Amino acid sequence: MKPFPFAAIVGQDEMKTAMVLTAIDPKIGGVLVFGDRGTGKSTAVRALAALLPPIEAVRGCPVNSERPGDCPEWAHVTDTTIIARPTPVVDLPLGVTEDRVTGALDIERALTRGEKAFEAGLLARANRGYLYIDEVNLLEDHIVDLLLDVAQSGENVVEREGLSIRHPARFVLVGSGNPEEGELRPQLLDRFGLSVEVKSPGDIETRIEVIRRRDAYENDNAAFMAEWTAQDADLRTAILAARKALPAMATSNLVLHDCASVCLALGSDGLRGELTLLRAARALAAFEGAAEVGRDHIRRTAPMALRHRLRRDPLDEAGTTARVARQLAEVLP
Amino acid sequence: MQAGLAPLCPRRLHPFMGAEALDGGLDLSRTLAEGRAVRHAGLLSRDGPVLLTMAEGCPPALAVRLGQVLDTRPGISLVALDEACDDDQGLPPALADRLGLFLDLDGLAMADTAAIVLPGAAIAAARARLAHLRSDPAAQDRLTRVAAQLGIGSLRAPLLALACARASAALRGADAVQEADLRVAVELVLAHRALRLPEPEAPPPEQPETPPPQDTQGRDRTSDTEIPDDLLVEAARAALPPGLIARLQAARLARSSASARSGAGARRKSARRGRPLPARAGKPGADARIDVIATLRQAAPWQRVRTRLFPHAPRGRLLLLPSDIRIRRHEDRSDRLLVFVVDASGSTAVARLAEAKGAVELMLAEAYATRDHVALVTFRGIGAELALPPTRSLVQAKRRLAGLPGGGGTPLAAALRCALETAAQARRRGMAATLALLTDGRGNIALDGGADRARAAEEATTLARAIAAAGLPSLIIDTALRPRPQLAALAGAMGARLIALPRADARGLSTTLSAALGR
């Protein structure tokens, strides 16, 4: 069964916007979705996979290289055909071993033929695509360290059995989790470009609409998909158009000034906040077909780009979302 | 149960299965013996029902993995047997949310149950019918409303209930979902998730809003021919044995915050003791011991490669490389510290101080048995003091308690600050701290010792929030003869459980504390 269509997800606009923005500009660096159970976090991520436009890659290349020349040596790719394939969305299961993440020597070939060969891991498969971690706050520390390292360098290095393997590993990190079960380490938190909080809808009509669509999806799949596939296709077209418009998107000095002053007022650590905010605002402007980035785009992307980068204040119980909103109202009237 | 499910032949899982056992992998011993790759199938590689025993001990990683399987593989169904006692942790919430039906077998003896026989033919017929059952907007509507009335946030619940109602209709041989099916769905799927039951007299909270103008067709049918939502809520009430809600809620509460509240210290990785975890690559050293078997397993497959790689190595010997070395890991629980914050001010001293002392003493005796550490903060007059630094010494604690004077103002804020500092220090030394505050809640002395009621209250609230932000599990025992709303507000800010004990003696207090702390 095909995944639930992205366009058919009821409400949760901030989460959907954040995901669309990363699809437009992967440099934004991923989305973290935190919230209650049964609010459609995993549904949205799985829907995103089906929504994303296909990428072009060399056939048989384990790291989805764009050009034959980019294929890593160890893969021995002889084919030079370029094929279109769905954007990879790779699930990183919680109990995963390091070997499966980074890749390791191919145990089967070593056993049966006595050969040394590298078996690519999840990081290789996720290159140029998405890496999805459900319940990211429960991930074991040593796997987190490894991911941080790779996310920083964009390259995966494996040294073992006298083999030295390296391959590009650039991926958009998508994480979801429930804050009740544990916090995320600040270093990992900072790696996510955008962060959104989802709540279970409080309005009864919205809830009924969710149930209605999901029920139709499960029990009347053909008709339901026919209805929504077209809308998903429209969304995909819009994403492609936005990608095209992105390089030419004008960013005035005023906008840069706004970004900097919002981050300064909030006291977010480092400069990654500014960069992400700017990229997200540009992507939003491109998505909406605006000619240049405006203050409104910044105002709308600031909460998701900054809320997870603030120092925690034990004496302010209102939460970071409220703090971002308060500062925004002051700095960008 | 086993026998009843026999025609479906469920595969058994237990909580400590590794990824290999679940997903399959290379069968190392056979591969080595036969010289060709032999794979073994995992438990989850084919469709069918799966039985998870001892589900209460299911680690989060497995719960999430099973949740993903349930989400993406409609062919696999899961039966989880939660054998937790009352105060134990139950099923991990990530998994509980995804499981549809709930049965409470509490108090049922084997002799009371008839043999379960699944009517195979009827099930097959029902399955065929299910495909043609049309979806029913009224059923969707009502199950969602009932779920909302029961305070169920997750949207999976009404979906699962809907599926249950449809299956029930198919089994009855009906071609549409009727109220009997909705009842079954509410009883089996929604009732146990309820966070609140609307009082029978009170109007349901969502009803006063204007009825939705869209979808009038569905609404009309509801009001004409079918029982109103209230009756379904009533069905939920009937399905719940008395006390179950409270029990489930207690379990939820225990789970919702740090594990310290559930009676055990925080889990931590340890190199030396505790339950074994899978071995990891690493360097042996003072705090790491080699796992010999895992190391040999790691090295075994590479021997053929290595004999080629190192042609001069002596024959017939195992070739180990540093990267093969696996070290042992264990998971154990950190020590627990119970910080008692006892109000010795004038207002309490008269009435309750003796009981509080007695209760603390009893708790101390018990803490000695459970090897907990205990600390005591008292507050009276213009400040708070750490009367007993974290200790396990019963004698010392008793002596300090006996000599505890009473009387004076209630510097609540100072007490909270002192407790927070003690807990933070303990945490740095690897202990999991829990606060238990015994007070009547009339804080009237500010941090600087001034008698300013308003400022004192404000400071107490701020510090309570800081305690909540630090993630310290806490408990407030209201010892006032007449409970006051201020203390409830303080408990809210602190994320603490509030227990009012207007007339308990020392033993009653101690029992309540033990129960609340889950021992």
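In this report, the structure presented in the accompanying data block is examined. (Residues numbered from 1 in each chain as written. Chains lettered and ligands numbered in written order. Predicted model: local features only at pLDDT ≥ 70, side-chain atom pairs only at ≥ 80, totals over all residues. Heavy atoms only, no water.)

A look at the overall build of chain B
Per the secondary structure count, chain B includes 21 helices and 14 strands. Relative to its full complement of 519 residues, chain B shows a buried share of 45%. Across chain B, contacts joining residues at least 24 apart in sequence account for 75% of those joining residues at least 6 apart. Carbon and sulfur atoms form 57% of the exposed surface of chain B, whose accessible area is close to 25400 Å². (Helix = DSSP H or I, 4+ residues; strand = E, 2+ residues; numbered from the N terminus. Buried < 20%, exposed > 50% of the residue type's maximum accessible area, 1.4 Å probe, protein only. Contact = heavy atoms within 4.5 Å. Areas by Shrake-Rupley, 256 points an atom, 1.4 Å probe, with all protein chains shown as cover.)

Focus on the pairing of strand 11 (residues 383-391) of chain B
Residue and element names in this part refer to chain B. When strand 10 (residues 373-380) meets strand 11, the two strands line up antiparallel, connected through 6 bridges. Opposite Thr378, over in strand 11, you have Glu385 as the bridge partner. The turn joining strand 10 and strand 11, which pair antiparallel and follow one another in sequence, is formed by 2 residues; a positive phi near 65 degrees is taken by Gly381. (Pairing = 2+ DSSP bridges.)

Side note on the sheet that holds strand 4 (residues 48-52) of chain B
Residue and element names in this part refer to chain B. Strand order in the open sheet formed by 3 strands is 1-4-5, and the pairing between neighbours is parallel. Taken across any chain shown, the strands that pair with only one partner, and hence form the sheet edges, are strand 1 (11-13) and strand 5 (76-80). Going across the sheet, the axis of each strand differs from the next one's by a mean of 30 degrees, ignoring polarity. Across 5 bridges, strand 4 lies against strand 5 in parallel orientation. Bridge pairing links Val50 to Leu78 in strand 5. Against the sheet, helix 4 (residues 60-72) touches strand 1, strand 4 and strand 5, its axis set at about 140 degrees to strand 5. (Axes fitted to C-alpha atoms, helices over the stretch in contact; angles between N-to-C directions.)

Let's talk about the sheet that holds strand 1 (residues 31-35) of chain A
All names here are of chain A. The sheet built from 5 strands is open, its strands ordered 4-7-10-1-11 with parallel pairing. Each of the sheet's edge strands pairs with one partner strand only, and the pair in question is strand 4 (89-91) and strand 11 (194-198). For this sheet, the mean angle separating the axes of adjacent strands, direction not counted, is 20 degrees. Taken together, the 5 bridges between strand 1 and strand 11 define a ladder with parallel strand orientation. Across the sheet, Gly35 pairs through a bridge with Val198, a residue of strand 11.

What about the interface of chain A and chain B?
Across the contact, 43 residues belong to chain A and 55 residues belong to chain B. Between chain A and chain B, a total of about 4500 Å² is buried, with carbon and sulfur atoms accounting for 60% of that surface. Inspection of the region where chain A meets chain B yields 3 salt bridges. Where chain A meets chain B, there are 7 residue pairs in polar contact (both at pLDDT 80 or more). At 10 residues, the largest contribution of residues to the side of chain A that touches chain B is made by helix 8 (residues 204-219) of chain A. Residue composition of the side of chain A that touches chain B, by class: 13 nonpolar, 8 polar and 22 charged. (Buried area = accessible area lost by both parts, 1.4 Å probe. Salt bridge = Lys/Arg side-chain N within 4 Å of Asp/Glu carboxyl O. Polar contact = N/O pair within 3.5 Å; in protein donor to acceptor, adjacent residues only side chain to side chain. Nonpolar A, V, L, I, M, F, W, Y, C, P; charged D, E, K, R; others polar.)

Details of a nonpolar patch on the surface
A cluster of nonpolar residues, B:Ile290, B:Val292, B:Ile293, B:Leu296, B:Leu318 and B:Leu320, forms a patch on the protein surface that exposes about 520 Å² of accessible area. Take B:Val292: it is sitting in helix 13 (residues 292-299). (Patch = residues over 30% accessible without salt bridge, like charges linked within 9 Å, V, L, I, M, F, W, Y side chains within 5 Å.)

Some points on helix 2 (residues 41-51) of chain A
Within helix 2 of chain A, 8 of the 11 residues are buried, which leaves it mostly tucked inside the rest of the structure. Every buried residue of helix 2 of chain A is listed here: A:Lys41, A:Ser42, A:Ala44, A:Val45, A:Arg46, A:Ala47, A:Leu48 and A:Leu51.

Considerations on helix 9 (residues 221-245) of chain A
Because each turn of an α-helix spans 3.6 residues, side chains separated by three or four positions in sequence point in the same direction. Residue and element names in this part refer to chain A. For helix 9, with 25 residues, the first-to-last C-alpha span of 35 Å sits near the 36 Å given by 1.5 Å per residue. Its maximal kink placed at Trp228, helix 9 deviates by approximately 30 degrees. Turning to helix 9, its buried residues are Phe224, Met225, Trp228, Asp232, Leu235, Ile239 and Ala242. Close packing links the buried residues of helix 9 with helix 1 (13-24), helix 2, helix 8 and helix 11 (272-287). (Expected span 1.5 Å × (residues − 1). Bend = angle between axes of the 7 residues up to and from the residue.)

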